[in-house]
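# Residue-level structure breakdown
Residue strings, one per chain:
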Amino acid sequence: MKNIPIILMGCGGVGRQLLQHIVSCRTLHANKGIHLRVVGVCDSKMFLVTPDVLSTEFDDAFLMDICKTKFDRLSLEQCIDSGKCEASSYAESKRKLADIAARIGYVLVDCSASSETIEVITQTLNLGCCAVLANKKPLTCSMEEFDKLFLQPRRIRHESTVGAGLPIITSLNRITSSGDEVASIIGSLSGTLGYVMSEVENGKPFSEVVKAAKDLGYTEPDPRDDLSGMDVARKGLILARLLGQRIDMNTIKIESLYPNNMGPSMMTLEDFLANGLPLLDNDIQEKVKKASLNEKVLRYVCILQNSMCMIGIHEVPKDSALGRLKGSDNVVEIYSRCYEKPLVIQGAGAGNDTTAAGVLADIIDLQDQFP
Ligand SMILES: NC(=O)c1ccc[n+]([C@@H]2O[C@H](COP(=O)([O-])OP(=O)(O)OC[C@H]3O[C@@H](n4cnc5c(N)ncnc54)[C@H](OP(=O)(O)O)[C@@H]3O)[C@@H](O)[C@H]2O)c1
Ligand SMILES: *[C@@H]1O[C@H](CO)[C@@H](O)[C@H](O)[C@H]1NC(C)=O
């Protein structure tokens, strides 16, 4: 049986779902000759490690305790009493991880939403271990730090950072490694904005669609976090860098769907929803009408072409994969020599379940790194 030791950073919606997937896939993995051995878990404050990383692991009952504790919004501290682990403060995790790496090879899984984790991820990779990321932030830092993460590309995976579980990065890597040149990529990479843009197409006012999306739980608590385009820009930057563009966040042109004077520092959320948002209706409606005159529809997309990366509203043909998009799916069209008619990847691009499934598949994909 091949043993893959795992250390999980972040026990939010995705991290907990990953632990549940690991437990429910025990038989499936055993049939493939693999055993995933969770030896450490941390949140933003605490780092729990099994007493002896060489020979022990967190058992499934303890993993489910951790999930329940974090679901109840308690600290991992609550789990210390069980006697099944050693605890240290988050501040010590860097040193702890180095100690562990000296004893065993492991996969560090980043399901946090922090930009701070880049330091321990880089350390982990330098010490010969592996990393799997659902967290986009370490990949959108400076080019210099990004390069350090990919010194050993066989030991890092991050499929879930773009389009959650959809095989977008895997597909791109397969296309580029076979010498097929990618000419352009155009994608709707935000479920929220995909929903909003397809709804305004039917004549509904932008403000009402955004409020409906918020009520459906499609948006962040403050929808401006979606409307700013920043999350799409992070995904765009990751794809751009995979294609070899050596660019930073500040070189990307990002069109925000609300003006600066309606930003969180200028307007409360309530004021924005009640008074700011409706002021944007006319402009979007004009653009929708203008596009439909040419059999086109508006989509909020990331466009990668000619070493450029642009994020914003774009007219696409009604009769294209992007144009037919309804609801909260992600859609990515990849154009290359082999795919003059684009390769289209479409499906749910968010959700704890699919995101965690993508992370789990990445971990299994690293199995050859373990004896
Ligand atoms: N949910 C999705 O659909 C989706 C899709 C694709 C990618 N992602 C990405 O997946 C990641 C996780 O998402 P989520 O929804 O599970 O987030 P979340 O619910 O906010 O959970 C974040 C977790 O990370 C922990 N954390 C924060 N800072 C940390 C640090 N410096 N080191 C270690 N742990 C830290 C938090 O600890 P506390 O519990 O102590 O606060 C929390 O347990 C995010 O980066 C997100 O962008 C999510
Ligand atoms: C994902 O998990 C978070 C945190 O538990 C929860 O608030 C959210 O509703 C979950 N999302 C989905 C789509 O299940």
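Named according to an unreviewed UniProt entry, the protein chain is Homoserine dehydrogenase originating from Mikania micrantha. Looking at the Cofactor (unreviewed entry) heading of the UniProt record, one finds this comment for the protein chain: "a metal cation".

## Some thoughts on the domain arrangement of the protein chain
Parsing the protein chain into structural domains produces domain 1 (2-164 + 353-369) and domain 2 (172-348). Each of domain 1 and domain 2 has a C-alpha centre, and the two are 31 Å apart. Between domain 1 and domain 2, the residue contacts involve 13 residues of the former and 14 residues of the latter. Summing both sides of the interface, domain 1 and domain 2 together bury roughly 1300 Å²; the carbon and sulfur share of this comes to 68%. When the area that domain 1 buries against domain 2 is broken down by residue, the three leading residues are Thr140, Met143 and Val162, summing to 42%. Our count for the contact surface shared by domain 1 and domain 2 stands at 2 salt bridges. Lysine 136 is paired through a salt bridge with aspartate 231; the nearest N and O atoms lie 3.5 Å apart. Across the domain 1-domain 2 interface, the total number found is 5 residue pairs in polar contact (both at pLDDT 80 or more). Along the lines of polarity and charge, the residues of the side of domain 1 that touches domain 2 split into 5 nonpolar, 5 polar and 3 charged.

## Brief notes about the layout of surface pockets
Estimates place the volume of the largest pocket at around 1500 Å³. Along its surface, the largest pocket is lined by 50 residues, and Val14, Ala113, Lys136, Glu220 and Asn352 are the ones closest to its centre. Those elements that provide at least two residues to the lining of the largest pocket are α1 (13-24), α3 (60-71), α8 (191-200), α10 (224-227), α11 (230-242) and α15 (352-365). Counted by class, the lining of the largest pocket contains 16 nonpolar, 21 polar and 13 charged residues. A domain-level breakdown of the lining of the largest pocket finds at least three residues from each of domain 1 (2-164 + 353-369) and domain 2 (172-348). The volume enclosed by the second largest pocket comes to roughly 430 Å³.

## Section: the UniProt feature "binding site: NADP(+)" (unreviewed entry) in the protein chain
UniProt feature "binding site: NADP(+)" (unreviewed entry): in the numbering of this structure it lies at Gly10, Cys11, Gly12, Gly13, Val14 and Gly15. As for the annotated residues, the ones lining the largest pocket are Gly10, Cys11, Gly12, Gly13 and Val14. Looking at where glycine 12 falls in the secondary structure, it is placed in the loop between β1 (2-9) and α1. Residue position: valine 14 is located in helix α1. Once you skip the residues sitting within four places of it in the chain, valine 14 turns out to touch Cys111, Ala134, Asn352, Thr355 and Ala356.

The rules behind the values
- Residues numbered from 1 in each chain as written.
- Chains lettered and ligands numbered in written order.
- Predicted model: local features only at pLDDT ≥ 70, side-chain atom pairs only at ≥ 80, totals over all residues.
- Heavy atoms only, no water.
- UniProt positions renumbered as here; feature names shortened; annotations may be inferred.
- Domains from an automatic or database assignment.
- Contact = heavy atoms within 4.5 Å.
- Buried area = accessible area lost by both parts, 1.4 Å probe.
- Salt bridge = Lys/Arg side-chain N within 4 Å of Asp/Glu carboxyl O.
- Polar contact = N/O pair within 3.5 Å; in protein donor to acceptor, adjacent residues only side chain to side chain.
- Nonpolar A, V, L, I, M, F, W, Y, C, P; charged D, E, K, R; others polar.
- 1 Å grid on protein atoms, 1.4 Å probe; cavity = no way out; pocket = protein on both sides within 12 Å on 5 of 7 lines; lining within 4 Å.
- Points joined across faces, edges and corners; volume = space filled by probe spheres on them.
- Helix = DSSP H or I, 4+ residues; strand = E, 2+ residues; numbered from the N terminus.

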